[in-house]
Amino acid sequence: MIITKIEGHAVALVGEDIDTDRIIPARFLKEITFENMGKYAFYDARFAEDGTVLDHPFNDPRFQGASILVAGRNFGCGSSREHAPQALKRYGIQAVLAPSFAEIFRGNCKAIGIATMTLSEAATASLQTAIMQTPKLPVCVDLVNRQVVAGDMTVAVDMPDSHRQAFMSGTWESIGLLVANKELIRDKDAVLPY
C-alpha cells in the first residue's frame, strides 16, 4: 500500500523520553495476537490501579478517533518491543510526529505502516498547543512535500529517505512484498543448489 498523506485529527502527548513501557506496560505483552493492543496504549497513565479513569489525552473525548500523535523528544525509547507501535496502530494512530525517536521504535513503526516524522522542538510545541486549543483540528501529514498542515499552520517535517521512499513506493510492507512476489521466490528456490 502506497502512503503519501495521512489526514485526520491529532492528539498531543506532552513530555519527553516516553518509553515503550509507558506506551504499553510489560504485563500486556502476553497477548497471543496484537488485536487488543490498542486498548492497552498508555494504560498505566490512563487508569489507576482500581480502574479509575485518569486525566490523559487518550481518555479525553475531544481527541477520540485521532490518527496522528504529536509527542515529545526521544519518543519510543527503552526496550525494542514491537508491541508499542502495535498498540498505537491498534488504537488508530497512523503517524507520529516528534523531535526525535528511538531508532528501533521508528523501524518497528515503519514495518507496520506508521509514519514517523521529525520536526523542530518549537514546531512541536506550536502544533501541540494548536491541537489542545482546537480539538478535531484538521491535520494533514504530507510525506511528498515533507510538511504538516494543521489548520492555517504549515510545519516542515522530515523522515529518513529510506523510510519515506518505502512509504511512497509501498515497499514498507515486507510480508506483502513476499506474497506479491511468490512466483519469483518459487522460481529462485527451484534453481538454488541447496
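All chains use their own residue numbering, which begins from 1 and follows the written sequence. Where local features are concerned, this predicted model is filtered to residues with pLDDT of at least 70; where side-chain atom pairs are given and counted, the filter is 80 or more; whole-chain, interface and lining totals use all residues. With hydrogens and water stripped out, all remaining heavy atoms of the structure feed into the side-chain values.

## Side note on the pattern of salt bridges
We define a salt bridge as a side-chain nitrogen of Lys or Arg found within 4 Å of a carboxyl oxygen belonging to Asp or Glu. Counted according to the given criterion, the structure contains 8 salt bridges. For Asp44, the salt bridge is made with Arg27, and the minimal N-O distance between the two is 2.4 Å. On the criterion of sequence distance, the pair formed by Asp44 in helix H2 (residues 43-46) and Arg27 in the loop between helix H1 (20-23) and H2 is long-range, its members being 17 residues apart. Here Asp44 falls in the partly exposed class, since its relative accessible area comes to 42%. For every residue, the accessible area (1.4 Å probe, protein chains only) is compared with the maximum for its type, and the residue is labelled buried under 20%, exposed over 50%, or partly exposed between those bounds. Of the residues examined, Arg27 reaches a relative accessible area of 42% and is grouped as partly exposed. When salt bridges with common partners are traced through the structure, they connect Glu16, Arg73 and Glu121 into a single cluster. By definition, any uninterrupted DSSP run of H or I lasting at least four residues is a helix, any uninterrupted run of E lasting at least two residues is a strand, and each is numbered from the N terminus.

## Focus: the side chain of Thr118
Take Thr118: it is sitting in strand E5 (residues 115-118). By relative accessible area, Thr118 is classed as buried at 19%.

## What about unusual backbone geometry?
A positive phi angle, near 60°, is found at Asn74, a position not held by glycine. With respect to the helices, strands and loops of the structure, Asn74 is situated in the loop between strand E3 (68-71) and helix H3 (83-91). Residue classification places Asn74 among the partly exposed positions, given a relative accessible area of 25%.

## What to know about the environment of Ser120
For Ser120, the position within the fold is in the loop between E5 and helix H5 (121-133). A relative accessible area of 41% means that Ser120 is categorised as partly exposed. The spatial distance from the C-alpha of Ser120 to the C-alpha of Phe42 is 24 Å, given a sequence separation of 78 residues. Identification of polar contacts relies on pairs of N or O atoms within 3.5 Å, with a donor-acceptor requirement for protein atoms, meaning one able to donate a hydrogen and the other able to accept it, and with residues adjacent in sequence counted only if both atoms are side-chain atoms. Only 3.0 Å separates the side chain of Ser120 from the backbone nitrogen of Ala123, close enough to count as a polar contact.

## So, the state of the cysteines
Should the sulfur atoms of two cysteines be covalently bonded, the bond is a disulfide. Cysteine sulfur atoms that pair up within 2.5 Å are treated as a disulfide. Counting across every chain of the model gives 0 disulfides. The thiol of Cys77 is unpaired, and the distance to the nearest cysteine sulfur, on Cys109, comes to 13 Å. Looking at Cys109, the relative accessible area reads 0%, which means it is buried.

## Details of the sheet that holds strand E7 (residues 147-150)
Taken in spatial order, the 4 strands make up an open sheet running E1-E6-E7-E8, and their pairing is antiparallel. Edge strands, defined here as strands with exactly one partner in the open sheet, are strand E1 (5-8) and strand E8 (153-156). Here the strands of the sheet are splayed against their neighbours by 10° on average, with no regard to which way each runs. Strand pairing is defined by DSSP finding a minimum of two bridges between the two strands. Of the pairings in the sheet, the one linking E7 to E8 comprises 4 bridges and is antiparallel in character. Bridge assignment links Ala150 to a residue of E8, and that residue is Met153. Only the contacting stretch of a helix is used when fitting its axis, a line to C-alpha atoms as for every element, and angles between N-to-C directions run 0 to 180 degrees.

## Side note on the environment of Ala66
By the secondary structure assignment, Ala66 is in the loop between H2 and E3. Separated by 28 residues in the primary sequence, Ala66 and Gly38 place their C-alpha atoms 13 Å from one another.

## Describing the nonpolar core
Residues belong to one nonpolar core when they are buried, are Ala, Val, Leu, Ile, Met, Phe, Trp, Tyr or Cys, and are joined through side-chain atoms within 4.5 Å. In this structure, Leu69, Phe75 and Leu88 are the most contacted members of the largest nonpolar core, which totals 57 residues. By definition, residues are in contact when any of their heavy atoms lie within 4.5 Å. With residues up to four places along the chain from it excluded, the contact list for Leu69 reads Val11, Leu13, Phe58, Phe75, Leu88, Ile93, Ala95, Val96 and Leu97.

## Thoughts on the pairing of strand E4 (residues 95-98)
Every second residue of E4 is oriented toward a common face, with Ala95 and Leu97 on one face and Val96 and Ala98 on the other, all of them buried. When E3 meets E4, the two strands line up parallel, connected through 3 bridges. Across the sheet, residue Val70 finds its bridge partner in E4, namely Leu97. Handedness of the crossover joining E3 and E4 through H3: right-handed. A clockwise path from the first strand over the helix to the second, with the strands pointing away from the viewer, defines a right-handed crossover.

## Remarks on the sheet that holds E4
Strand order in the open sheet made by the 4 strands is E2-E3-E4-E5, with parallel pairing throughout. In the strand order of this sheet, the two ends are held by strand E2 (10-13) and E5, each with one partner. Going from strand to strand, the sheet's axes swing by 20° on average, the running direction of each strand aside. With 4 bridges connecting them, E4 and E5 associate as parallel partners. By the bridge assignment for E5, Val96 is matched with Thr116.

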